[in-house]
Amino acid sequence: TEGLLAATGLSVASWLAFNGSSHQHPSPALLYAPVPFLLRIAMRFGLRGTSLALTTIALFTTAGATRGGGPFMDISHLQKVTQIQLFLLLISLPSLLLAVITGERRQAENSLREVNDRNQAMLKAFPDLMFLLTKDGVYLDYHTQNPHLLFRPPEAFMYRNLRQILPGPLAEEF
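Parameters and conventions
- Residues numbered from 1 in each chain as written.
- Predicted model: local features only at pLDDT ≥ 70, side-chain atom pairs only at ≥ 80, totals over all residues.
- Heavy atoms only, no water.
- Helix = DSSP H or I, 4+ residues; strand = E, 2+ residues; numbered from the N terminus.
- Buried < 20%, exposed > 50% of the residue type's maximum accessible area, 1.4 Å probe, protein only.
- Contact = heavy atoms within 4.5 Å.
- Expected span 1.5 Å × (residues − 1).
- Arc of directions from axis to C-beta.
- Salt bridge = Lys/Arg side-chain N within 4 Å of Asp/Glu carboxyl O.
- Core = buried A, V, L, I, M, F, W, Y, C linked by side-chain atoms within 4.5 Å.

Colleague: Can you tell me about the side chain of Asn161, naming the residues and giving the values?
Modeller: Within the secondary structure, Asn161 sits in the loop between helix H4 (154-157) and helix H5 (162-165). The class for Asn161 is buried, based on a relative accessible area of 18%. Contacts of Asn161, omitting those with residues within four sequence positions, involve Asp136, Gly137 and Val138.

Shown next, in the form of structure tokens:
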């Protein structure tokens, strides 16, 4: 349904922007009417949706210019072609770039989620105590399935150096 709404909004905005009557001069601001729909489609539906949306805009733009309507009506055919190409280029590049960046971000988030899930599963299967320390020996994190195995409660050792927590000979081993 979201795709249908976006396609309908884009089509209506494109029709209003590029198929105005040849008797009236449309507002130049109408050129930007399809842009919010185009940006939403780029973020939500990626390169395929953006390509389809740009094709839709190109068809409405060309049809309007052919019939003598829209913002490209009072100029020569050569100027129409040049201005339509420039317009399509100026809306295509940012929307395609946005679609690519959004797609890459989505892939990175999925990869990170998979790695995190795998690490959580390994931690749950690991029966021993595990500590994360800095190079200097400061406790940053820990994992245990049984909190009674800890030498001290977490609030006593977290973000402190192991030399402050463990007995002297034991601390020297680390």
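Colleague: I'd like a description of helix H1 (residues 2-18), backed by residues and values.
Modeller: When the terminal C-alpha atoms of H1 are compared, their 24 Å separation across 17 residues agrees well with the 24 Å that a helix rising 1.5 Å per residue should span. Within H1, burial applies to Ala6, Gly9, Leu10, Ala13, Ser14, Ala17 and Phe18. For H1, the angular spread of the buried residues around the axis is 135°, confining them to a single face. Opposite its buried face, H1 presents the exposed residues Leu4 and Leu5, each directed more than 90 degrees away. If you follow the buried residues of H1, they end up packed against helix H2 (35-67) and helix H3 (77-125).

Colleague: Provide a residue-level description of the pattern of salt bridges, including the pertinent values.
Modeller: With the rule as written, the count across this model stands at three salt bridges. Between Glu2 and Arg40 there is a salt bridge, with its nearest N and O atoms 2.6 Å apart. Of the two residues, Glu2 is situated in helix H1 and Arg40 in helix H2; the sequence distance between them amounts to 38 residues. What makes Glu2 partly exposed here is its relative accessible area of 28%. Residue Arg40 is classed as partly exposed on the basis of its relative accessible area, which comes to 43%.

Colleague: Now, about the nonpolar core: what can you tell me, with residues and values included?
Modeller: Counting residues in hydrophobic clusters, the biggest one holds 16 residues, and the most contacted among them are Phe18, Leu38, Ile57, Phe72, Phe87, Leu88 and Ile91. Those elements that place two or more of their residues in this core are H1, H2 and H3. With six residues, H2 is the largest single contributor of residues to this core. If we ignore the near neighbours within four places in the chain, the residues touching Ile91 are Val35, Leu38, Leu54 and Ile57. Among the nonpolar cores identified, the runner-up in size contains eight residues, and Leu150, Met158, Leu166 and Ala171 belong to it.

Colleague: So what's going on with the environment of Pro28? Residues and values would help.
Modeller: One can find Pro28 in the loop between H1 and H2. The spatial distance from the C-alpha of Pro28 to the C-alpha of Thr134 is 60 Å, given a sequence separation of 106 residues.

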